[in-house]
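# Summary of structural features
The residues making up each chain are set out below.
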Amino acid sequence: MRTSPPAPVTHPSEASYDRRRLSQWLSGRAHAEGVSRRTLLRLLGAAGVAGAAPFAVPLAGAGPAAAATAPGIVKPLPEAWFTVRGTNAETRFASLAETGYHTPNERFFVRNHTATPVLDASGWTLTVWGDGLDHGGSVEFTLDDLKRFPAVTRDAFVECAGNGRSLFTTQQGQAVSGTAWTLGAIGAARWRGVRLADVLRRAGLGRRAVDVMPRGLDADYVTADGTNLGRVRRPLPLAKALDDVLLAYEMNGEPLPPDHGHPVRVLVPSWIGVSSVKWVGDIQVSAQPLYSPWNTDFYRLFGDAHPVGGSAPLTRQTVKSAWELEWNAGLARDTTHRLTGRSWSGAAGVVRVEVSADGGAHWWPARLHDAPRRGGWVRWSADWRPRSPGAYTLAARATDAAGRTQPDTTAHNTQGYLFDAVVRHPVTVT
Ligand SMILES: Nc1nc2c(c(=O)[nH]1)N[C@H]1C(S)=C(S)[C@@H](COP(=O)(O)O)O[C@H]1N2
Ligand SMILES: [Mo]
């Protein structure tokens, strides 16, 4: 059942769509449970548009000043750290060179279907409900209730399934729909929270349960053509839910920031970002398989290389690598440059990274600076001393402990998910 195509990479009506959504918010025609008009106005104030007429929203890409805000994102988005893409903000991968293993909260990418709801932790509750509970009723937890469960700390990246999407077009000449990320729709943080398994069991998890579906408290998502898909929600099979999934209330030692799910988000290690539902308000526990647009229309592979009717819903992330270097960076000749980057995989830790400075004709091993960890990344470096001026193509190719190596090309899918091919990164030697 396909409801509607998602917006193409450069959708001409994206700006007018954002304006329409904002005017719906302001007039009270669209609202999410738990988000008062007052908090909404506070949010809009933080985003720099309160008091302005609904049609005076700064447009992404309209100029240097406009690049510092995105509709619905609360935190500042300095141009040195972010590229704004509609309602989303991509981290500039080059700027991660200044960071350690953990991506600081201020630099962490934001992927919002609508807008960050600024929620009050003291009024927040989580409702666990559905016919997969042995009593069939519903159970509520406050944040204090959650904090009485044993706390768990875990390092994990959150990466959008569409990270690298624009490379389908720029490197493979293929059309895809969705946000035109380069490689910065990823960040790694130290999350602290409680095991979803503990909370489900306390809620009365029954023997017949098969799926759980967390749902966000942000506004209904309305597609560019006006179809209301409801609030962001995506089912998880019970096996994953009971394995390593957290209900996280801290990110890098601080309460979750508004843009990253305050007060509580789901954190699903190794899986595509949309699984990690932010601002979670309720979790349905079901005795039957569950469906939402996010595991039927979106986040499956459609296209000639894939099964008719689409692939299974996407789960684990693929293998990727990125240089901590601007696109077309300038480098001096006859100088030894210590080039750095990161590689990661959702299946297993990255155990080997090879690099090339001639577009993949010759490779040499990069030095790895982190132990391989599933659901994490490894930082690496490679020394390069270019002898003559000109245009060069850098490449990095990672292999994980499950034996997966980045391929030369990624089979096309219409929505541009899971780009795992070796990226050709241009630089200029002067
Ligand atoms: N409630 C809610 N959860 C959400 C989203 C959203 O728009 N609303 N976006 C999802 C997607 S597509 C991604 S990639 C991650 C991004 O997490 P971040 O914004 O903290 O980086 O959140 C996921 N969780
Ligand atoms: Mo995503």
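Keep in mind it's a predicted model, so treat the numbers as computed, not measured. Per chain, the residues get numbers from 1 upward, laid out in the order the sequence is written. By the order in which they are written, chains take letters starting at A while ligands take numbers starting at 1. Local features in a predicted model are, by the rule used here, given only for residues with pLDDT of at least 70; side-chain atom pairs are given and counted only at 80 or more, and totals for whole chains, interfaces and linings are based on all residues. Excluding hydrogens and water, the side-chain values take into account all heavy atoms of the structure.

## Notes on the layout of surface pockets
- Reported here for the second largest pocket is a volume of approximately 390 Å³.
- Lining the second largest pocket we find 21 residues, and of these T182, L183, L325, W327 and H425 sit closest to its centre.
- Secondary structure follows DSSP: runs of H or I at least 4 residues long count as helices, runs of E at least 2 residues long count as strands, and numbering of each begins at the N terminus. Those elements that place two or more of their residues in the lining of the second largest pocket are β1 (82–85), β2 (88–91), α4 (166–170) and β13 (320–323).
- Residues are grouped as follows: Ala, Val, Leu, Ile, Met, Phe, Trp, Tyr, Cys and Pro are nonpolar; Asp, Glu, Lys and Arg are charged; every other residue, Gly included, is polar. Along the lines of polarity and charge, the residues of the lining of the second largest pocket split into nine nonpolar, eight polar and four charged. Only protein atoms enter the 1 Å grid used here. Points where a 1.4 Å probe fits but cannot escape make up a cavity, open sets with protein on both sides within 12 Å along at least five of seven lines make up a pocket, and a residue lines them when an atom lies within 4 Å of a point. Grid points are joined across faces, edges and corners, and a volume is the space filled by probe spheres set on the points.

## Focus on the site of ligand 1
- Near ligand 1, the surroundings consist of 20 residues, among which F109, D218, H260, R265 and K278 are the closest.
- What qualifies as a polar contact is a pair of N or O atoms within 3.5 Å, subject to a donor-acceptor requirement within protein and to the restriction that residues adjacent in sequence count only when both atoms come from side chains. Between ligand 1 and the protein, one listed contact pairs an oxygen atom with a backbone N or O atom of F109 at 2.7 Å.
- At 2.6 Å from an oxygen atom of ligand 1 is found a side-chain nitrogen or oxygen belonging to K278.
- Using the Shrake-Rupley algorithm and a 1.4 Å probe, accessible areas are obtained, with residue cover drawn only from the displayed protein chains. Considering ligand 1 on its own, with 540 Å² of exposed area, one finds that the protein chains cover 100% of that surface.
- By definition, a pocket or cavity contains a molecule when more than half of the molecule's atoms lie within 2 Å of the pocket's grid points. More than half of the atoms belonging to ligand 1 lie within 2 Å of the grid points that define the largest cavity. Any residue with a heavy atom positioned within 4 Å of a molecule or strand is treated as near that molecule or strand.

## Some thoughts on the confidence of the model for the chain
- Overall, the prediction assigns the chain a mean pLDDT of 87, with 84% of residues at 70 or greater.
- The low-confidence segment residues 1–67 (pLDDT under 50) makes 98 contacts with residues lying over four places distant or belonging to another chain. Each residue gets a pLDDT score, which is the predictor's confidence in that residue and runs from 0 to 100. Only heavy atoms matter for contacts: two residues are in contact if any of them lie within 4.5 Å across the pair.

## Overview of empty space enclosed by the protein
- Taken as a whole and judged by the stated rule, the model has one cavity of 30 Å³ or more.
- Empty space within the largest cavity amounts to approximately 250 Å³.
- Contributing to the lining of the largest cavity are 19 residues, with R111, R265, G273, S276 and K278 lying nearest its centre.
- In terms of residue class, the lining of the largest cavity is made up of nine nonpolar, six polar and four charged.

## Considering the nonpolar core
- Within this scheme, the nonpolar core is defined by two criteria: the residues are buried Ala, Val, Leu, Ile, Met, Phe, Trp, Tyr or Cys, and they are joined through side-chain atoms within 4.5 Å. Relative accessibility decides the category of a residue: with a 1.4 Å probe and only protein chains considered, values under 20% of the type maximum give buried, values over 50% give exposed, and everything between is partly exposed. Core analysis: the largest hydrophobic core is formed by 33 residues, its most contacted members being L126, V128, V199, L200, V212 and L247.
- Elements with a minimum of two residues in this core: β3 (125–129), α3 (143–147), α5 (196–202), α6 (238–243), β9 (246–251) and β12 (280–286).
- If near-sequence neighbours (up to four positions away) are discounted, V212 is found in contact with L196, L200, R234, P235, L236, L238, A241, I283, Q284, V285 and L290.
- Within the second largest apolar cluster, 21 residues are counted, among which are L339, V350, V378 and Y392.

## Side note on the sheet that holds strand β15 (residues 337–344)
- We call two strands paired when DSSP finds no fewer than two bridges between them. In space, the four strands of this open sheet follow the order β13-β15-β19-β18, with antiparallel pairing throughout. Strands at the two margins of the open sheet, each flanked by one partner only, are β13 and β18 (367–368).

## Some details on the side chain of Q406
- Inspection of the secondary structure assignment puts Q406 in the loop between β20 (390–400) and β21 (425–429).
- By relative accessible area, Q406 is classed as buried at 4%.
- Of the polar contacts made by the side chain of Q406, one reaches the backbone oxygen of D420; its length is 3.2 Å.
- Polar contacts involving the side chain of Q406 include one to the main-chain carbonyl oxygen of A421, which spans 3.4 Å.
- Those residues within four positions of Q406 in sequence are excluded, and the remaining contacts are V319, K320, S321, A396, R397, A398, D420, A421 and V422.

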